[in-house]
Number of protein chains: 2
Amino acid sequence: MSGEGRAAALPPFTLVTGNSDKRAEAERILGRAVDCAAIDLPEPQSLDFFEVVRAKAAEAFRRVGRPVVVEEAGLELAALNGFPGPLVKWMLEAVGAGGIARTALALGEPRATARCLLLWTDGAREVVGEGTTVGTLVEPRGTSGFGWDPAFLPEGEERTYGELPSADKDRLSHRGRAWRDLLAKL
Amino acid sequence: MSGEGRAAALPPFTLVTGNSDKRAEAERILGRAVDCAAIDLPEPQSLDFFEVVRAKAAEAFRRVGRPVVVEEAGLELAALNGFPGPLVKWMLEAVGAGGIARTALALGEPRATARCLLLWTDGAREVVGEGTTVGTLVEPRGTSGFGWDPAFLPEGEERTYGELPSADKDRLSHRGRAWRDLLAKL
C-alpha cells in the first residue's frame, strides 16, 4: 500500500518539530499536509534513541495537549562504535557534513547507519515507527536534503542523499522507512 | 592562599554529582570532607558548558533545597572544532579514552582543551568558577584518575593525567583550576 493510501486512515496527530525540513519530508512521504507545531523540544543527553524520543514525546504532549508525533534521528558511525548517534546534530554543528565524513575516513572505516524513530502518542498509548538505512560516508556531494545528507551514500546507490531526487531519497531513507513503519502500525 | 585556607571561609554547600571520582577530587582540592548528594542530574544536549551547568544547577537546587555546587566538565578536540565538549562522556562510553585519542591523531590534530565549570547557587545568586587546561591527546598511559585522564597530556608535562600523582594533577587540572577560581569568587 502506498504512503498516501495509509495516510488517509491515520488517526489525527500534530507533528512537533522545530525543523522545517523534517516537516517537508513528512508531508512528501505522507502525500498530504501535516498539522505541525514548530516547537524545539529539549533533548536529554543520551546515545539511546528511544530514551530521547520518549522524553521529547512526553514534553510535546504536555505542551500540545492532543495526539502528537515526535521524531529522533541520527547517524551511527561504525568508526566510533555508534557515536554520535542521536547527538549527531552537535557534531554537524561543529564540523559540518564534510567533517563527519572525514573523521570516519581518517579512521579507515566509512560505514554508518542512519536511524530514525517516530513516536506517536495520545498520552496513554504510544506507537513507535523505526527506520534504518546503512551506507557509507563520503566527501559531501549534492545540494538536496539537509544536515549530513550530502555525506551519506546509501548502500547500493551511487548517489548521496544530497544527490538523490526527493522521491528516491524518501523510498530508501531512514525517515521514509520510519514513517512507513509507523503507518503500518497505527 | 592555599585551597585549604580558602575552604574554611566557604559558604556551606552540597556538591550534587553522581560521580564519586569528582567528589573525591573536590575533597582533595578543598582539603576537607564535602557534603555530597549523589544525584545523576539530567543534562540537556548542548555544546555550551554554561547552558548545561545552569540547567543542572536549577534542577539540583530544586531537589536539594539548600545551596549547591554542580559541575560540568568536558574535552574540546581541536580536530573536531571543539566537539564533543560537554558531550565527551558519550564519546568515552562509545570508544573509550583510546578511541578519543585515536580520532584526534587520525585527523592529524592532537590538541585538546579540558574545561570545567563549577556553579554555586543558593537559588538567588550564582557564582561560576571556570578552569581550562590545554594539552594533547596521546595513546592512553597510566591508571590514575578516571574517564579520559590517561589520554590527556597537559601542556608542558611529560605525564598524562593518568600518570600524574593526585596532587600534581590537581595543581594543573581543569577541575583544580575551576575549584580555585570558585573559591576566589565566593
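Residues numbered from 1 in each chain as written. Chains lettered and ligands numbered in written order. Predicted model: local features only at pLDDT ≥ 70, side-chain atom pairs only at ≥ 80, totals over all residues. Heavy atoms only, no water.

Some points on the packing of helix 2 (residues 20-30) of chain A against helix 6 (residues 174-185) of chain A
Residues and elements named next belong to chain A. At a minimum axis distance of 10 Å, the contact between helix 2 and helix 6 shows a crossing angle of 55°. As far as their axial angle goes, helix 6 and helix 2 are oblique. Considering how the two elements wind past one another, helix 2 and helix 6 form a crossing that is right-handed. For the pair helix 2 and helix 6, the contacting residues are Lys 22, Glu 25, Ala 26, Ile 29 and Leu 30 in the first and Arg 175, Gly 176, Trp 179 and Leu 183 in the second. (Axes fitted to C-alpha atoms, helices over the stretch in contact; angles between N-to-C directions. Helix = DSSP H or I, 4+ residues; strand = E, 2+ residues; numbered from the N terminus. Parallel < 35°, antiparallel > 145°, perpendicular 65-115°, else oblique. Left-handed = near helix turned anticlockwise from the far one by under 90°. Contact = heavy atoms within 4.5 Å.)

A word on the pairing of strand 3 (residues 68-77) of chain A
Residues and elements named next belong to chain A. Across the ten residues that make up strand 3, a large majority, ten, are buried. Of the two faces of strand 3, the one lined by Val 68, Val 70, Glu 72, Gly 74 and Glu 76 and the one lined by Val 69, Glu 71, Ala 73, Leu 75 and Leu 77 are each fully buried. In this sheet, strand 3 lies alongside strand 1 (residues 14-16) in parallel orientation, the contact comprising two bridges. Across the sheet, the residue bridging to Leu 15 is Val 69, located in strand 3. Relative to strand 5 (residues 111-121), strand 3 runs antiparallel, the two sharing ten bridges. The residue of strand 5 that forms the bridge with Glu 72 is Leu 117. Here strand 3 pairs with strand 4 (residues 84-85) via two bridges, running antiparallel. Counterpart to Glu 76 in the pairing with strand 4 is Pro 84. Joining the antiparallel neighbours strand 3 and strand 4 is a turn of six residues, in which Asn 81 adopts a positive phi near 55°. (Buried < 20%, exposed > 50% of the residue type's maximum accessible area, 1.4 Å probe, protein only. Pairing = 2+ DSSP bridges.)

A short note on helix 6 of chain A
Taking 1.5 Å per residue, twelve residues should reach 16 Å; helix 6 of chain A reaches 17 Å between its end C-alpha atoms and fits that length. Residues of helix 6 of chain A that are buried include every one of A:His174, A:Arg175, A:Gly176, A:Ala178, A:Trp179, A:Leu182 and A:Leu183, and no others. (Expected span 1.5 Å × (residues − 1).)

Topic: helix 4 (residues 88-106) of chain A
Across its 19 residues, helix 4 of chain A extends only 18 Å between first and last C-alpha, which sits more than 12% below the 27 Å expected from 1.5 Å per residue. Among all positions in helix 4 of chain A, only A:Val88, A:Trp90, A:Met91, A:Ala94, A:Val95, A:Ala97, A:Gly98, A:Gly99, A:Ile100, A:Ala101, A:Thr103 and A:Ala104 are buried. Lining the buried residues of helix 4 of chain A we find strand 3, strand 4 and strand 6 (126-137) of chain A together with helix 4 (88-106) of chain B. Once helix 4 of chain A finishes, A:Gly108 follows within two positions and takes phi at roughly 75°, a positive value.

Section: unusual backbone geometry
Excluding glycine, residues mostly have negative phi values, and the peptide bonds linking residues are mostly trans. Residues and elements named next belong to chain A. Put simply, Phe 83 and Pro 84 share a cis peptide bond, and its omega is 0°. Inspection of the secondary structure assignment puts Pro 84 in strand 4. The phi dihedral of Asn 81 is positive, around 55°, even though this residue is not glycine. Within the secondary structure, Asn 81 sits in the loop between strand 3 and strand 4.

With respect to the relation of the copies chain B and chain A
Between chain B and chain A, which share one sequence, the superposing operator has a rotation angle of 180° and an axial displacement of 0.0 Å; the RMSD is 0.0 Å. Such a combination of rotation and displacement between the chain copies is what one expects of a two-fold axis. When the interface residues of chain B are mapped onto chain A, 100% of them again lie at the interface, so the same face is used by both copies. (Least-squares fit on C-alpha atoms with pLDDT ≥ 70 in both.)

Examining the state of the cysteines
Inspection of every chain in the model, using the stated rule, returns zero disulfides over all chains. As a non-bridged cysteine, A:Cys116 has A:Cys36 as the owner of its nearest cysteine sulfur, 14 Å distant. (Disulfide = S-S within 2.5 Å.)

Some details on the interface of chain B and chain A
Contacts between chain B and chain A engage 22 residues on the former and 22 residues on the latter. When chain B packs against chain A, the two sides together hide about 1900 Å² of surface, and 68% of this comes from carbon and sulfur. On the chain B side of the interface with chain A, the three residues burying the most area are B:Gln45, B:Phe83 and B:Trp90, jointly 37% of the side's total. Summed over the shared surface of chain B and chain A, the result is zero salt bridges. Linking chain B with chain A are eight residue pairs in polar contact (both at pLDDT 80 or more). Split by residue class, the side of chain B that touches chain A holds 14 nonpolar, four polar and four charged. (Buried area = accessible area lost by both parts, 1.4 Å probe. Salt bridge = Lys/Arg side-chain N within 4 Å of Asp/Glu carboxyl O. Polar contact = N/O pair within 3.5 Å; in protein donor to acceptor, adjacent residues only side chain to side chain. Nonpolar A, V, L, I, M, F, W, Y, C, P; charged D, E, K, R; others polar.)

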